[in-house]
Amino acid sequence: MEILEGGAGVDYLADERNKAQFDLEAMKVVWAGGIHEYQISDRMARLVASDPAFRKDNRVMLDRKELFKNTLRKAAHAWKRIVELRLSEEEADKLRVFVDEPAFTDLHWGMFIPAIKGQGTEEQQRKWLPMAYKMQIIGCYAQTELGHGSNVQGLETTATFDPETDEYIINSPTLTSSKWWPGGLGKVSTHAIVYARLISDGQDHGVNGFIVQLRSLDDHLPLPGITIGDIGMKFGNGAYNTMDNGVLRFDHVRIPRDQMLMRVLQVTREGKVVQSDVPKQLLYGTMVYMRQTIVYDASSALSRAVCIATRYSAVRRQFGSENGREMQVIDYRTQQSRLFPLLASAYAFRFVGEWLKWLYTDVMKRLQAGDFSTLPEAHACTAGLKSLTTSFTADAIEECRKLCGGHGYLCSSGLPELFAVYVPACTYEGDNVVLLLQVARFLMKTVSQLPSGKQPVGTTAYLGRVEHLLQCSCSVQKADDWLKPEVVLEAFEARSARMSVASAKSLSKFSNPEEGFLELSTDLVSAAVAHCQLIVVSKFVEKLLQDIAGEGVKQQLEALWGIYALSLLTKHRGDFLSTGSITPKQGALANDLLRSLYTQVRPNAIALVDAFNYTDHYLGSVLGRYDGNVYPKLYEAAWKDPLNESVVPDGYYDYIRPVLKQQVRTARL
């Protein structure tokens, strides 16, 4: 697999691909979630990759103004193609994914439209959605403020009803009430869903959403009373700087009464605030949907990083000697023990993301039928999985950069930009630690209700067997026993149940529960993480119980499940041992099995990342190229840097030559 000069049309990873022991095409369908999803993804990815207008290899070299204008051009071109090709909503969504550039359209389609659909009355939907779907108006979601993010109830922007004019007066009473961060707000959006405190007749009725026009539809200038702009450069080159995250202030801006989103709460002409007959719990459906999307996106970002690191690990040779050749880096156990758990996690997150799609549908059906019984559990479960998957993915992208050695630090590796684009996911839609504390609160409530005979539901159902889980001992006697899903699941259930029960006991010793919650918050977060990891492990098991087509596919997924579960068990061995869920000997046996699972996955590693079916355009990485022709392309990429446009650098005569020629004058101070 020697990589020579040029090498166009040669697949340097062909030997690796020939080692695969499973049906690659069948695995691609499993990864995509079905044949229909695979066909749409494949078609849209190729459509984008073959269009020079979507080129992105120069993105990190552009200054902010050029970068932003370039993003506007791409977004307009994408819309043009969507209209010309009459793409369905599903196809259009995938096309935007593969354009792979954060833009105002993400918030328009992903937040503005769903908010109107979820929180607007039928009349409001009839008025606003047709304009939004045709992009005759462009919207964003203005919730977060300079002073408040996670604590939505602390928002300071006010919407005061004026019964004399039948209008709301939207106002930013303090500096910290400035809207801060909404994507698409800074330079593009014409409208926003603005979250503000509803005040009527001197009474504060809490936070509600309002549709507010921000800019003129004729000349795009801000409307009277509105101060608006971009909040400035963010982390990384290119990356999220393609997005115009904005600041917004209102100075007594008036809007008609019918522009408050009124599906749940309404204000009469006289200013009386009334609940509609639609239950407010329906609004939680939107939150479950958003978090499900984020978990699915985590598997996409993680799989991209893993694809780059795996291919490059097979290309790169260093030290050792095989028939006079250096060893492929992927053959080192230290590389496998860091890389393969990340590969397994990408598949695990994909399958739990698929399950969350089902959960969203189930929750919505129940809500519409007036059944709210599973809502608290679904809310806690999606909050926890959003936190777990995004934190892990952010760390994993950085680990993949390290797995690529020095070259991983180059922007042309694709990893620095992928990391910079991804890390805000740990904060938006709920800070990850705050979300875990919400999960912990739900777990403590569930444990406290067990003596009354209230049966836990959904992902907490295992707590209904708490007496057994507090007493059971792990049955593992030899390494292969860890291949049994029921054995692994019981160990994870015992660890989670014991950590939750221990936290609940500690909490009960405090006379003031809130004080106890603050004091024990680090233990509570650990209990929440244990619970969420159990969910991912168990949903992977459920996936394996389904009919999975394709020769060898199920066997590979079983190996990946083993790696995912046992690498977690090894990483959190302290939890498992301190709770008595396993013995030290059983922990050592898990480690032995992990090594043999790495050996099993090794010949299939390249094919397992090929199953993601990513084009070179979407990966955006010289190191992760499909053909493995890394070094000539890395060399080529270096010469494209603007710094290499001149042989002698600008500034030579002003700054370098005087030093070299010793023309620096000394002066007495």
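Before any of the text, the structure's been laid out above.
Residues numbered from 1 in each chain as written. Predicted model: local features only at pLDDT ≥ 70, side-chain atom pairs only at ≥ 80, totals over all residues. Heavy atoms only, no water.

(A) The arrangement of the environment of glutamate 399 in detail. Examined against the element boundaries, glutamate 399 turns out to sit in helix H10 (residues 375–403). Every residue in contact with glutamate 399, bar those within four places of it in the chain, is listed here: Arg338 and Leu342. (Helix = DSSP H or I, 4+ residues; strand = E, 2+ residues; numbered from the N terminus. Contact = heavy atoms within 4.5 Å.)

(B) Geometry of the sheet that holds strand E7 (residues 226–230). Pairing in this open sheet of three strands is antiparallel, and the strands run E4-E8-E7 from one edge to the other. Strands at the two margins of the open sheet, each flanked by one partner only, are strand E4 (179–180) and E7. Pairing of E4 with strand E8 (residues 246–250) involves two bridges; the strand directions are antiparallel. Note on E8: the bridge partner recorded for tryptophan 180 is valine 247. (Pairing = 2+ DSSP bridges.)

(C) Geometry of helix H14 (residues 485–508). Here H14 is 24 residues long and its end C-alpha atoms lie 34 Å apart, about the 34 Å a rise of 1.5 Å per residue gives. For H14, the buried fraction is high: 17 of the 24 residues fall into the buried class. (Expected span 1.5 Å × (residues − 1). Buried < 20%, exposed > 50% of the residue type's maximum accessible area, 1.4 Å probe, protein only.)

(D) The nonpolar core, seen in detail. Ranked by size, the top nonpolar core spans 143 residues in total, and within it Tyr347, Trp482 and Leu557 carry the most contacts. The element best represented in this core is helix H9 (residues 333–368), accounting for 17 residues. Listed in part, the 26 residues of the second largest apolar core include Leu107, Leu155, Ile193 and Tyr195. (Core = buried A, V, L, I, M, F, W, Y, C linked by side-chain atoms within 4.5 Å.)

(E) Region of interest: the pattern of salt bridges. Inspection of the entire model under this criterion finds 39 salt bridges. Between arginine 311 and aspartate 610 there is a salt bridge whose closest N-O contact spans 2.8 Å. Of this pair, arginine 311 sits in helix H8 (residues 284–315) while aspartate 610 sits in helix H20 (residues 605–610); the two residues are 299 residues apart in sequence, bridging distant segments of the chain. Both residues of the pair, arginine 311 and aspartate 610, belong to the buried class. The salt bridge involving lysine 484 is made with aspartate 481; its shortest N-O contact spans 3.4 Å. Salt bridges sharing partners connect three or more residues here, namely Lys56, Arg59, Lys74, Asp100, Glu101, Arg304 and Glu417. (Salt bridge = Lys/Arg side-chain N within 4 Å of Asp/Glu carboxyl O.)

(F) Representation of helix H19 (residues 584–601) in the model. Here H19 contains 18 residues, and its C-alpha end-to-end distance of 26 Å stays within 8% of the 26 Å for a straight helix at 1.5 Å per residue. Within the sequence span of H19, burial applies to Gln586, Gly587, Leu589, Ala590, Leu593, Leu594, Leu597, Tyr598 and Val601. For H19, the secondary structure elements touched by its buried residues are H9, helix H17 (553–571), helix H18 (573–578) and H20.

(G) Quick peek at the packing of aromatic side chains. If you walk through the whole model with that rule in mind, you get 21 aromatic pairs. These aromatic residues form a ring-pair network of at least three members: Trp31, Phe98, Tyr347, Phe351, Phe540, Phe612, Tyr614 and Tyr618. Between arginine 350 and the ring centre of tryptophan 31, over which it is positioned, the NZ or CZ distance is 4.1 Å. Against the face of phenylalanine 517 rests arginine 441, its NZ or CZ located 4.0 Å from the ring centre. (Phe/Tyr/Trp six-rings, centres within 6.5 Å; stacked < 30°, edge-to-face > 60°. Lys NZ or Arg CZ within 6 Å of the ring centre and 35° of its normal.)

(H) Fine view of the environment of arginine 257. Summarising the element assignment, arginine 257 is placed in the loop between strand E9 (253–256) and strand E10 (265–267). Separated by 47 residues in the primary sequence, arginine 257 and phenylalanine 210 have C-alpha atoms spaced 9.3 Å apart. Polar contacts involving the side chain of arginine 257 include one to the side chain of aspartate 166, which spans 2.5 Å. (Polar contact = N/O pair within 3.5 Å; in protein donor to acceptor, adjacent residues only side chain to side chain.)

(I) A look at the pairing of strand E1 (residues 139–142). Covered by surrounding structure in E1 are Gly139 and Tyr141 together with Cys140 and Ala142, the residues of both alternating faces. As paired elements, E1 and strand E5 (residues 191–200) share four bridges and run parallel to each other. Of the residues in E5, the one forming a bridge with cysteine 140 is alanine 192.

(J) Structural view of unusual backbone geometry. With a phi close to 110 degrees, tryptophan 181 is a non-glycine residue in the positive phi region. Structurally, the position occupied by tryptophan 181 is in the loop between E4 and E5. On the basis of relative accessible area, tryptophan 181 is assigned to the partly exposed category, the value being 44%. Within the chain, histidine 252 stands out as a residue other than glycine whose phi angle is a positive 50 degrees. Relative to the helices and strands, histidine 252 resides in the loop between E8 and E9.

(K) Looking closely at the packing of helix H2 (residues 24–32) against H17. Two elements in contact, H2 and H17, have axes whose closest approach is 10 Å; the angle formed by their N-to-C orientations is 55 degrees. In terms of orientation, H2 lies oblique with respect to H17. Counting all contacts with H2, which are made through Ala26, Met27 and Val30, the residues of H17 involved are Val553, Gln556 and Leu557. Of the residues contributing to the contact of H2 with H17, the split by class is five nonpolar, one polar and no charged. (Axes fitted to C-alpha atoms, helices over the stretch in contact; angles between N-to-C directions. Parallel < 35°, antiparallel > 145°, perpendicular 65-115°, else oblique. Nonpolar A, V, L, I, M, F, W, Y, C, P; charged D, E, K, R; others polar.)

(L) Quick look at the state of the cysteines. Overall, the coordinates contain zero disulfides when judged by the stated rule. The thiol of cysteine 400 is unpaired, and the distance to the nearest cysteine sulfur, on cysteine 404, comes to 6.9 Å. (Disulfide = S-S within 2.5 Å.)

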